[in-house]
Amino acid sequence: MEDTEGLWDEISTEEIQDMMNQMLGEQSFSFSDYVSQMMQGKLPFSMETTMQTICSGLAANLSQEKQMYVSLILIAIVGAVIHNFTHLLQGKQVAQTAFYAVYILFFSVLLSAFTQTALIAQDTLSQLLDFMKVLAPSYFMTMAFSQGAVTSGVYYEFTLCMITVVDYVLLKFALPAIHVYFLLRIANQLSERELFTKMAELIYDVVKFVMKTMFGIMMGINVVQGMVLPLTSQMESTAVVKMTSAIPGVGNTISSVTSTVLCAGTLVKNSVGVVGVIVVSLYCGVPLLRMVFSRFLFQLTNAVIQPVSDKRITACMTAVVESLKLLTYAVFVGCMMFVISIALMSGMTS
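Computed from a prediction, not measured in an experiment: that's the story for all the values here. (Residues numbered from 1 in each chain as written. Predicted model: local features only at pLDDT ≥ 70, side-chain atom pairs only at ≥ 80, totals over all residues. Heavy atoms only, no water.)

Asker: Would you explain the overall build of the protein chain in this entry?
Answerer: Of regular secondary structure, the protein chain possesses 9 helices and 0 strands. Counting from the amino terminus, the protein chain carries its helices and strands in the arrangement α-α-α-α-α-α-α-α-α. The 350 residues of the protein chain split such that 45% are buried. Accessible area for the protein chain stands at about 17400 Å²; split by element, carbon and sulfur atoms hold 65% of it. (Helix = DSSP H or I, 4+ residues; strand = E, 2+ residues; numbered from the N terminus. Buried < 20%, exposed > 50% of the residue type's maximum accessible area, 1.4 Å probe, protein only. Areas by Shrake-Rupley, 256 points an atom, 1.4 Å probe, with all protein chains shown as cover.)

In structure tokens:
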């Protein structure tokens, strides 16, 4: 344990802790303490506390958005009344004007809800990338202790490349495209003719395809690197240990010390990787659950108002549900890319 503590003391975690405080709040756990507990073989968190945090986050989300769902139901009922009693109004033009007034009010509430959720997704991905930028130097420095500078450098460059790809694909392409998809689906209901259905379907398919392709390519490169680079480092380490053991007199002692340092470096590396996975999972878990929960509530609201509301109103609710599905998928892909990458790097270099 002295060797692992000595190696860990050489790593600076101030930037990581500052970023964690920004992501999880000032009362977030200590990154250094979690790593130290992991190196001692202890589980650094309790499932009870984690579940309490998740439940409190969902309860707060429901209390904040409860009024919005009630407003949507009331607006849909008013629209249904106008739609079902159009024969009492003087002229078709008056009925259409009344419906458009209700529709614009309904659209305003939906747009506010979607924009709020989209901001959550954008902030989650942005801060996730910032956290990976400060975690990567410390993590790959610990990898250099056990795997050498070559393997650590290659993985470091790949991680920076992956951060850049996620930034461009998810933040600068997918999220704006999802906004356009949502607006097209909503605008499509302004007319009785379907004017933008095919365009919206095209955007939906392109966004899903691009995100899946990005995930597959990045994970494939990671697996291929993991099949070659660790073996090269292992051969070099084994050669060093055998060469030192061949020194007359002190060879066995130097060989034992070298093996101990390599094992200590691996333990520190894996501990940092596990804690990094925990931080990413905790930070992305609550927003993902909030988006899934919001999507379920929109589906529930749509099911409640469908028997009495106009089909264009229910189509708007369906558009919100599909847009939230894409947002959730984008955040999930960004989170899993880094979680799986850290797990693969830690496992394949052990």
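On we go from here.
Asker: Sorry if this is basic, but what is going on with the nonpolar core here?
Answerer: In summary, soluble globular proteins display a tendency toward joint burial of nonpolar side chains. Grouped together as the largest cluster of nonpolar side chains are 80 residues, with contacts concentrated most on Phe131, Leu170 and Leu327. At 20 residues, the largest contribution of residues to this core is made by helix 5 (residues 92–147). Beyond its immediate sequence surroundings of up to four residues, Leu170 is in contact with Leu125, Val165, Leu175, Met211, Met214, Ala330 and Gly334. (Core = buried A, V, L, I, M, F, W, Y, C linked by side-chain atoms within 4.5 Å. Contact = heavy atoms within 4.5 Å.)

Asker: What is the right way to look at the packing of aromatic side chains in this model?
Answerer: Pairs of aromatic rings are described using the distance from one ring centre to the other and the angle between the two planes. Under the criterion given, the structure shown has 4 aromatic pairs. Geometrically, the ring pair formed by Tyr139 and Phe140 is edge-to-face, given 5.1 Å between the ring centres and 70° between the ring planes. As far as the burial class goes, Tyr139 and Phe140 line up, both buried. Judged by centre distance (5.6 Å) and plane angle (50°), the ring pair of Phe140 and Tyr156 falls under tilted. Residue Phe140 is located in helix 5, and its partner Tyr156 is located in helix 6 (residues 149–187); the two are separated by 16 residues in the primary sequence. Assessed through its relative accessible area of 28%, Tyr156 is described here as partly exposed. Through successive ring pairs, a cluster of aromatic residues spans Tyr139, Phe140 and Tyr156. The positively charged end of Lys172 is found above the aromatic ring belonging to Tyr168, 4.4 Å away from the centroid. The ring of Tyr329 carries Lys208 above its face, with NZ or CZ at 5.1 Å from the centroid. (Phe/Tyr/Trp six-rings, centres within 6.5 Å; stacked < 30°, edge-to-face > 60°. Lys NZ or Arg CZ within 6 Å of the ring centre and 35° of its normal.)

Asker: Explanation requested: the environment of Thr318 in the structure shown.
Answerer: Here Thr318 lies in helix 9 (residues 311–348). Along the sequence, Thr318 and Ile186 sit 132 residues apart, while their C-alpha atoms lie 9.7 Å from each other. Other than its neighbours up to four places away in sequence, Thr318 contacts Arg185 and Asn302.

Asker: In this structure, what is going on with the pattern of salt bridges? I would like to understand it.
Answerer: Between side chains of opposite charge, a pair can form as their charged atoms come close. Tallying each qualifying case throughout the model produces 2 salt bridges. The closest approach of N and O atoms between Glu201 and Lys198, which form a salt bridge, is 3.8 Å. One end of the pair, Glu201, and the other, Lys198, are both in helix 7 (residues 197–245), 3 residues apart, so they sit about a helical turn from each other. Assessed through its relative accessible area of 39%, Glu201 is described here as partly exposed. Under the relative-accessibility criterion, Lys198 is labelled exposed at 63%. (Salt bridge = Lys/Arg side-chain N within 4 Å of Asp/Glu carboxyl O.)

Asker: Help me out: how do you make sense of the side chain of Lys208 in this one?
Answerer: Position of Lys208 among the secondary structure elements: in helix 7. Although buried, Lys208 forms no salt bridge, and the nearest oppositely charged side chain, Asp205, lies 7.4 Å from it. When residues no more than four places from it in sequence are discounted, the contact partners of Lys208 are Leu326 and Tyr329. (Lys, Arg positive; Asp, Glu negative; His and termini not counted.)

Asker: Hey, could you run me through the side chain of Thr159 in this one?
Answerer: Structurally, Thr159 is set in helix 6. Setting aside residues no more than four positions away along its own chain, Thr159 makes contact with Met132, Ala136, Phe140 and Met345.

Asker: Help me out: how do you make sense of a nonpolar patch on the surface in this one?
Answerer: Together, Phe173, Leu195, Phe196, Met199, Leu202 and Val206 give the surface a local cluster of nonpolar side chains, amounting to about 500 Å² of exposed area. Per-element accounting of the nonpolar patch gives the leading share, 3 residues, to helix 7. Counting through the fold element by element, Phe173 comes out in helix 6. Overall, Phe173 belongs to the partly exposed group, its relative accessible area being 32%. (Patch = residues over 30% accessible without salt bridge, like charges linked within 9 Å, V, L, I, M, F, W, Y side chains within 5 Å.)

Asker: In this structure, what is going on with the packing of helix 6 against helix 9? I would like to understand it.
Answerer: What describes two packed helices is the angle between their axes and the distance between those same axes. Close contact between helix 6 and helix 9 brings their axes to 9 Å; oriented N to C, the two are set at 175°. Relative to helix 9, helix 6 is oriented roughly antiparallel. Looking at side-chain class alone, the contact of helix 6 with helix 9 contains 21 nonpolar, 5 polar and 2 charged residues. (Axes fitted to C-alpha atoms, helices over the stretch in contact; angles between N-to-C directions. Parallel < 35°, antiparallel > 145°, perpendicular 65-115°, else oblique. Nonpolar A, V, L, I, M, F, W, Y, C, P; charged D, E, K, R; others polar.)

Asker: Looking at this structure, I do not really get the environment of Ile313. What am I missing?
Answerer: Tracing the backbone shows Ile313 in helix 9. Spatially, the C-alpha atoms of Ile313 and Tyr103 are 7.3 Å apart, while their sequence positions differ by 210 residues.

All quantities given are derived from atomic positions and should not be read as evidence of function.
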